[in-house]
Amino acid sequence: MESSNAGLCDYAFTTTGSNSKTNCNLGIPNNDEENPSLYEVGEMVLALNDNKFWTAKVVEINYESKTWKYFIHYMGWKKSWDEWLGEECLKKLNDDNVHNFICKDNTKAVQASASVIRGKKKRRKGALDMGKDTVPMENFVNLQLSSMLKKQLLDDCEFISLMGKLVKLPRSPNVDAILRMYISYRSEKHGEVSKALKEFAMCLCGFFNKALPVILLYKSERDQYTDAIKDGSAPSAVYGAEHLLRLYVKLPELLAGANIEEETLMVLQTNFVSFLKFLKMNQTSFFLSAYHALEETETSTNREDVH
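If you're wondering where the values come from, they're calculated on a predicted model, not measured in any experiment. (Residues numbered from 1 in each chain as written. Predicted model: local features only at pLDDT ≥ 70, side-chain atom pairs only at ≥ 80, totals over all residues. Heavy atoms only, no water.)

Visitor: It is not clear to me how the overall build of the protein chain should be interpreted in this structure. Could you clarify?
Guide: Looking only at helices and strands, the protein chain features 12 helices and 7 strands. With 307 residues in all, the protein chain has 44% of them scored as buried. Considering only contacts in the protein chain between residues 6 or more positions apart, those separated by 24 or more positions represent 71%. In the form shown here, the protein chain has an accessible surface area of approximately 17600 Å², with 51% of it arising from carbon and sulfur atoms. (Helix = DSSP H or I, 4+ residues; strand = E, 2+ residues; numbered from the N terminus. Buried < 20%, exposed > 50% of the residue type's maximum accessible area, 1.4 Å probe, protein only. Contact = heavy atoms within 4.5 Å. Areas by Shrake-Rupley, 256 points an atom, 1.4 Å probe, with all protein chains shown as cover.)

So, in C-alpha cells, the structure goes:
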C-alpha cells in the first residue's frame, strides 16, 4: 500500500462534538432511517487503497452530514494503516466481489509485465496506440483450466488475500522436481525422452523463473521472496505448484506478445495442455491443502511494493 496520505480514497476524518465521538468509539452511529448504513461494526469487507482492494474489518462507524464513514483495519497489516473511508471505497465481502476485485486477472497489468519479461522498454505514459499494441485474439493459445484447478487458484487467492497466509517455503516438490517427474512420466508413457520435451521443460522453467518476481507474487509475498532467494537460488528450486499454476493464467497473453512463429506456438500449446493434465492428475500430491499463518509482526513489516 502507498501511504494513506496519497491513497486514492484517503478521507481524512475527524469527529466533531462529544456526542458523535462517543458514538463512534462505541460503534453506535447516529442513524438515518432514510439512509441506513450498508456495513456494520465487525463486518469483513473489501476496502480500496492504492487502486486495489484489500481485506479489511469495520472497526467504527460514524454518520455525519448525511454521510457514512467507516474506520477500517486492513487484515494482516499494522494498525498504523487503519483509516476512515467512505462507502464508495468499500465492497461487500462475498465470492463475486472476491473474484471480480481481487482474483480476476488484470490484463493491462499482464501486458505491461510481459514487456518487462521480454526486455522491452515500457511505452511512454500517454503514448497509447491501440492499433499497434492490441494482440489479435487468434494469436492467443488456448489453455483451459479444469474446474478443480480453477478452484485451486481461487483457494490460493483466498489464502493469500483474505486470510493473510503464505505458502511455506521451500516447497516440496518444487517446480524443478515437478518438471523432472513430468519428463519421467512422459518417458514411461512413450518409451523415450524426446529433445523437444526436454526443451519444453527448460522453456517452462525459464519462463517461470523470469515471471515469478515480476507478475506472480502478491504484495504480501515479496518480503518472503527476498528472504527465500537471497542465497542466489532460482525460484524454480524454491517455489512449487501453487505459483506455477498462477503462471498458466498469464501464459496466453504473454505468449501472444512474444513474437513466436505460429507452428512453434501450436507445439507449445500441445505441451502446455499435456503438462496441465499432469498437474491435475497429481493435484493432491503437488498442491498444499493449507497455507502457513505468519505472526502479525511478521506479515506487517516492510510492506513497500518492490519492482
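Visitor: Quick question: what am I supposed to make of the pairing of strand β4 (residues 83–86) here?
Guide: Residues in a regular strand project their side chains so that they alternate between the two faces of the sheet. Residues of β4 alternate between two faces, with E83 and L85 on one and W84 and G86 on the opposite face, all of them buried. Looking at chain direction, strand β3 (residues 67–74) and β4 are connected through 4 bridges and run antiparallel. For K69, the partnering residue across the bridge sits in β4 and is G86. (Pairing = 2+ DSSP bridges.)

Visitor: Just checking my understanding: could you explain the state of the cysteines for this structure?
Guide: Joining two cysteines, a disulfide is a covalent bond between their sulfur atoms. Counted by the stated rule, this structure contains 0 disulfides. Free cysteine: C203, not disulfide-bonded; nearest cysteine sulfur from C205 at 9.9 Å. (Disulfide = S-S within 2.5 Å.)

Visitor: How should the nonpolar core be read in this particular structure?
Guide: Across soluble globular proteins, you tend to see nonpolar side chains buried next to one another. Core analysis: the largest hydrophobic core is formed by 48 residues, its most contacted members being L204, F208, Y239, L247, L251, F272 and F275. Breaking this core down by element, the ones donating at least two residues are α5 (147–162), α6 (175–190), α7 (195–215), α9 (241–256) and α10 (262–281). Sorting elements by how many residues they give to this core places α7 first, with 10 residues. For F208, the residues in contact, after removing those within four places along its chain, are V175, L216, P235, S236, Y239, H243, L244 and L247. By size, the runner-up hydrophobic cluster in this structure holds 22 residues, among which are L46, L48, A56 and Y63. (Core = buried A, V, L, I, M, F, W, Y, C linked by side-chain atoms within 4.5 Å.)

Visitor: It is not clear to me how α6 should be interpreted in this structure. Could you clarify?
Guide: At 3.6 residues per turn, the α-helix brings residues three or four places apart onto the same side. Between its first and last C-alpha, α6 extends 22 Å over 16 residues, near the 22 Å set by a 1.5 Å rise per residue. Listing the buried residues of α6 in full gives V175, A177, I178, L179, Y182, I183 and R186. Looking one or two places after α6, you find G191, whose phi comes out positive at around 85°. (Expected span 1.5 Å × (residues − 1).)

Visitor: So what exactly am I meant to see when it comes to the packing of α7 against α10 here?
Guide: The relative placement of two packed helices comes down to the angle between their axes together with the axis-to-axis distance. Between α7 and α10, the least distance of the axes is 11 Å, while the angle of their chain directions is 75°. Overall, the two elements α7 and α10 adopt an arrangement that is roughly perpendicular. Packed against α7, whose contacting residues are L197, F200, C203 and L204, the element α10 presents L268, N271, F272 and F275 at the interface. For the contact of α7 with α10, a count of residues per class yields 7 nonpolar, 1 polar and no charged. (Axes fitted to C-alpha atoms, helices over the stretch in contact; angles between N-to-C directions. Parallel < 35°, antiparallel > 145°, perpendicular 65-115°, else oblique. Nonpolar A, V, L, I, M, F, W, Y, C, P; charged D, E, K, R; others polar.)

Visitor: Explain the pattern of salt bridges here, please?
Guide: Pairs can form between side chains of opposite charge whenever their charged atoms are close. If you walk through the whole model with that rule in mind, you get 5 salt bridges. The partner of D155 in a salt bridge is K151, and the shortest N-O contact between them spans 2.9 Å. Of this pair, D155 and K151 both sit in helix α5, 4 residues apart, which is roughly one turn of that helix. Between R246 and E221 there is a salt bridge, with its nearest N and O atoms 2.7 Å apart. Linking R246 in helix α9 with E221 in the loop between α7 and α8 (222–228), this pair joins segments that are 25 residues apart in sequence. For the pair R246 and E221, a shared accessibility class is recorded, and that class is buried. (Salt bridge = Lys/Arg side-chain N within 4 Å of Asp/Glu carboxyl O.)

Visitor: Quick question: what am I supposed to make of the packing of aromatic side chains here?
Guide: The description of two aromatic rings rests on the distance between their centres and on the angle between their planes. Evaluated as defined, the whole model comprises 15 aromatic pairs. On the basis of an interplanar angle of 85° and a centroid distance of 5.9 Å, the ring pair of Y248 and F272 is categorised as edge-to-face. Linking Y248 in helix α9 with F272 in helix α10, this pair joins segments that are 24 residues apart in sequence. For F272, a relative accessible area of 1% translates into the label buried. Here Y248 and F275 contribute two aromatic rings whose centre-to-centre distance is 6.4 Å and whose plane-to-plane angle is 20°, an arrangement assigned as stacked. Linking Y248 in helix α9 with F275 in helix α10, this pair joins segments that are 27 residues apart in sequence. Here Y248 and F275 have matching classes, each one buried. Grouping aromatic residues by their ring pairs yields a cluster made of Y182, Y185, F200, Y248, F272, F275, F278 and F286. (Phe/Tyr/Trp six-rings, centres within 6.5 Å; stacked < 30°, edge-to-face > 60°.)

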